[in-house]
Amino acid sequence: MTARWDGLLLDCRLASMAQNGTPFGLIDRAALGWKDGRIAYAGAQSALPGAPDALAAQVEDMRGALVTPGLIDCHTHLVFAGNRADEFDQRLNGASYADIAKAGGGIVSTVTRTRAASEDALLAQSLARARALVADGVTTLEIKSGYGLDLESEIKMLRVARRIGDELGIGIRTTFLGAHAVPPEFTGRQSDYVDEVCIHMLPAIAHEQCADAVDAFCENIAFSAYEVRRVFETARALGLRVKLHADQLSDSGGAALAAEFGALSADHLEYTNADGVRAMAAAGCVAVMLPGAFYCLRETQLPPIASLREHGVPLAVASDLNPGTSPLLSLRHAMNQACTLFRMTPEEALRGATVNAARALGLDDRGILEAGKRADFVIWEAEHPAELCYWIGGALARRVVADGRQVAS
Ligand code: DI6
Ligand code: FE
């Protein structure tokens, strides 16, 4: 009997996200079985290879409940200390994000607090945010460094990120974002800081194996395309995949640069031009939409969704959870914003938070309900998958399962 599956759900409505010719890869009157953290069966209940009780140790009747792949938040800055509600207040009193950054606030103020926090304090604060995402359906989470900006503090952040995965039983992908901002001790010496990132930090990060990818903030208030190129060349030489904060506030040629380096994704893209879109399409680079930052900054320049669609660039959606421009604790809420603000369809938004998000992280073992994939799934208090984008807030996730184990209810 040891060959039996660990669990089997009957009579569910699976939004499998498989390309099976139906929207959302929908399968009604479906069954989902899993064993040892992997999906053993996902398909029509009528085609199960045996009697349910003989197939699995635990069988549950879902009475038509909606089941989707676990959500994947492929772009967050979730590990940080303190918050920036004070800057939120300043912005409402007229200061712009760029003004605040130039006056030494912004990212640098979070850097000061993150450096000062002990690893355990950083973990405790960050865990609370991760729990909120998981409660809303997230089973895989990308977390960037970038608030340490010295080797020791960056490694501390990346260690905390991995500890969150251990604590919560979810999947974590870590990204080194040393080129996020110039730390205070390098003020006026930006190119020296880029040297520091390339000559000292990146090799150490690669040696410690604490990052799954390398990111940079390519922007006129951050790092130039020339500087990012140096970071990417170093990453490539060290065998690390790259991704990029590209064209968020201005057209800096970020999308084309990301594509040139075979980036997993280029993220934001509000100001990306037609050449950038074409380059991304040719390179198979995922476009990560971050409507939370667009909303918080009250941006008006929309990312070129129609053109990305037309060129077949895979669209992902993420929270960009960060203390400055997107204090957003729900990926589902980002999906709602992607629909309402960016006019993505609910199916595109759910694909963007499952299969395409997996691709933006270089993962092909999740994001879809199919035999052999990770047993990461969510049982929802909803009838139709469009509801996941339609409701704003609320506690829709009835049960969140990662690696075959319940991680939130
Ligand atoms: N782009 C963003 O929107 C955030 N970082 C980045 O590279 C902002 C981070 C912050 O303000 O703390
Ligand atoms: Fe970001």
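The following refers to the structure shown. Being a predicted model, the structure only gives us computed values, none of them experimental.

## Comments concerning the packing of helix 5 (residues 119–135) against helix 6 (residues 151–168)
One can describe the packing of helix 5 onto helix 6 by two numbers: an axis separation of 9 Å at closest approach and a directional angle of 50°. Our classification of the angle between helix 5 and helix 6 gives oblique. Handedness of the crossing formed by helix 5 with helix 6: right-handed. Two secondary-structure elements touch here, helix 5 through Glu 119, Asp 120, Leu 122, Leu 123, Ser 126, Leu 127, Ala 130, Arg 131 and Val 134 and helix 6 through Lys 156, Met 157, Arg 159, Val 160, Arg 163, Ile 164, Glu 167 and Leu 168. For the contact of helix 5 with helix 6, the per-class residue count stands at nine nonpolar, one polar and seven charged.

## Focus on the coordination of the iron ion (ligand 2)
Around a metal, the idealised angle for a tetrahedral arrangement of four donor atoms is 109.5 degrees; for an octahedral arrangement of six donor atoms it is 90 or 180 degrees. Distances from the iron ion (ligand 2) to its protein donors, His 75 (NE2), His 77 (NE2), His 245 (NE2) and Asp 320 (OD), fall at 2.1 to 2.3 Å. In this structure, the iron ion (ligand 2) is coordinated by four donor atoms arranged in irregular fashion, with angles at the metal of 82 to 165°. Every donor residue of the iron ion (ligand 2) comes from the same chain, spaced as H-x1-H-x167-H-x74-D. For His 77, a relative accessible area of 3% gives the class buried.

## Here we look at the site of ligand 1
Taken together, 14 residues lie around ligand 1, and Arg 84, Tyr 97, Tyr 147, His 180 and Thr 325 are the ones closest in. Contact between ligand 1 and Tyr 147: an oxygen atom at 2.6 Å from a side-chain N or O atom of the residue. In the environment of ligand 1, an oxygen atom lies 3.4 Å from a nitrogen or oxygen atom belonging to the side chain of His 245. Compared with its free state, where it exposes 320 Å², ligand 1 has 100% of that area covered by protein.

## Quick word on the packing of helix 7 (residues 190–208) against helix 8 (residues 225–237)
The interhelical angle for the contact between helix 7 and helix 8, taken along N-to-C directions, is 10°, at an axis separation of 10 Å. Put simply, helix 7 runs roughly parallel to helix 8. The residues of helix 8 that touch helix 7, namely those facing Gln 190, Ser 191, Val 194, Asp 195, Val 197, Cys 198 and Leu 202, are Glu 227, Arg 230, Val 231, Thr 234 and Ala 235. Per-class residue counts for the contact of helix 7 with helix 8 are six nonpolar, three polar and three charged.

Reading the values: the criteria
Residues numbered from 1 in each chain as written. Chains lettered and ligands numbered in written order. Predicted model: local features only at pLDDT ≥ 70, side-chain atom pairs only at ≥ 80, totals over all residues. Heavy atoms only, no water. Axes fitted to C-alpha atoms, helices over the stretch in contact; angles between N-to-C directions. Helix = DSSP H or I, 4+ residues; strand = E, 2+ residues; numbered from the N terminus. Parallel < 35°, antiparallel > 145°, perpendicular 65-115°, else oblique. Left-handed = near helix turned anticlockwise from the far one by under 90°. Contact = heavy atoms within 4.5 Å. Nonpolar A, V, L, I, M, F, W, Y, C, P; charged D, E, K, R; others polar. Donors = N, O, S within 2.8 Å, 3.2 Å for Na, K, Ca; no water. Tetrahedral: all angles 85-135°; square planar, octahedral: opposite > 155°, others 65-115°. Buried < 20%, exposed > 50% of the residue type's maximum accessible area, 1.4 Å probe, protein only. Near = heavy atom within 4 Å. Polar contact = N/O pair within 3.5 Å; in protein donor to acceptor, adjacent residues only side chain to side chain. Areas by Shrake-Rupley, 256 points an atom, 1.4 Å probe, with all protein chains shown as cover.

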